[in-house]
Amino acid sequence: MIKITDDAAQALLDLIVTKGSGEGLRLSVEKGGCAGLQYIMEIDVQGDGQDVVEHAGAKVFVDQGSSSFLSGCTLDYEDGLAGAGFRIRNPRAARSCGCGTSFEESAAVKS
């Protein structure tokens, strides 16, 4: 399943307090984006059939259809010159787009 860094956990907890709603980050993968698949992130509550990954009090909800795409990934948070936001580190991606929200599976994963 996905791992959550300390920075991502703190940023997620801060975001939930700021928004005043939600229990965690819903993370899914859908077809689309410039590389074929894209990450979708939304502050939400846990839904039926979702796995929960928790770290330092922060929760990430992953639906069963997306869990195979996210297995072995790491959710991180970066605040740099290019902007601030959550980033998915996916060691199984064959390529990613420049914005970091779209990726293509490697051929080994597809088969």
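Note that this is a predicted model, so its numbers are computed, not measured.

## Here's the deal with the sheet that holds strand S1 (residues 3-4)
Within a sheet, neighbouring strands are paired by backbone hydrogen bonds and run either parallel or antiparallel to one another. A sheet is described by the order of its strands in space; here 3 strands give the open sequence S1-S6-S7, paired in mixed fashion. Single-partner strands in this sheet number two, and they are S1 and strand S7 (83-89). Both S1 and strand S6 (residues 74-80) contribute to a ladder of 2 bridges, which runs parallel. Bridge pairing in S6 links Lys-3 to Thr-74. Against the sheet, helix H1 (residues 6-19) makes contact with S1, S6 and S7, and its axis sits at roughly 75° relative to S6, the strand it touches most.

## Here we look at the environment of Leu-27
Mapped onto the elements, Leu-27 comes out in strand S2 (residues 24-31). Judged by relative accessible area, Leu-27 falls into the buried class, the value being 0%. For the pair Leu-27 and Val-60, spaced 33 residues apart in sequence, the C-alpha to C-alpha distance is 6.8 Å. In contact with Leu-27, other than residues within four places in its own chain, are Ile-2, Tyr-39, Ile-40, Met-41, Val-60, Phe-61, Val-62, Asp-63, Leu-70 and Ile-88.

## With respect to the nonpolar core
If you look at the biggest cluster of nonpolar residues, it comprises 23 residues, and the most contacted ones within it are Ile-2, Leu-12, Leu-27, Val-60, Leu-70, Leu-75 and Ile-88. Residue assignment for this core shows that the elements contributing at least two residues are H1, S2, strand S3 (37-44), strand S5 (58-63), helix H2 (64-70) and S7. Considering each element in turn, this core owes the most residues, 5 residues, to H1. When neighbours within four sequence positions are excluded, Ile-2 is seen to be in contact with Leu-27, Val-53, Val-62, Leu-70, Cys-73, Thr-74, Leu-75 and Ile-88.

Criteria and cut-off values
- Residues numbered from 1 in each chain as written.
- Predicted model: local features only at pLDDT ≥ 70, side-chain atom pairs only at ≥ 80, totals over all residues.
- Heavy atoms only, no water.
- Pairing = 2+ DSSP bridges.
- Helix = DSSP H or I, 4+ residues; strand = E, 2+ residues; numbered from the N terminus.
- Contact = heavy atoms within 4.5 Å.
- Axes fitted to C-alpha atoms, helices over the stretch in contact; angles between N-to-C directions.
- Buried < 20%, exposed > 50% of the residue type's maximum accessible area, 1.4 Å probe, protein only.
- Core = buried A, V, L, I, M, F, W, Y, C linked by side-chain atoms within 4.5 Å.

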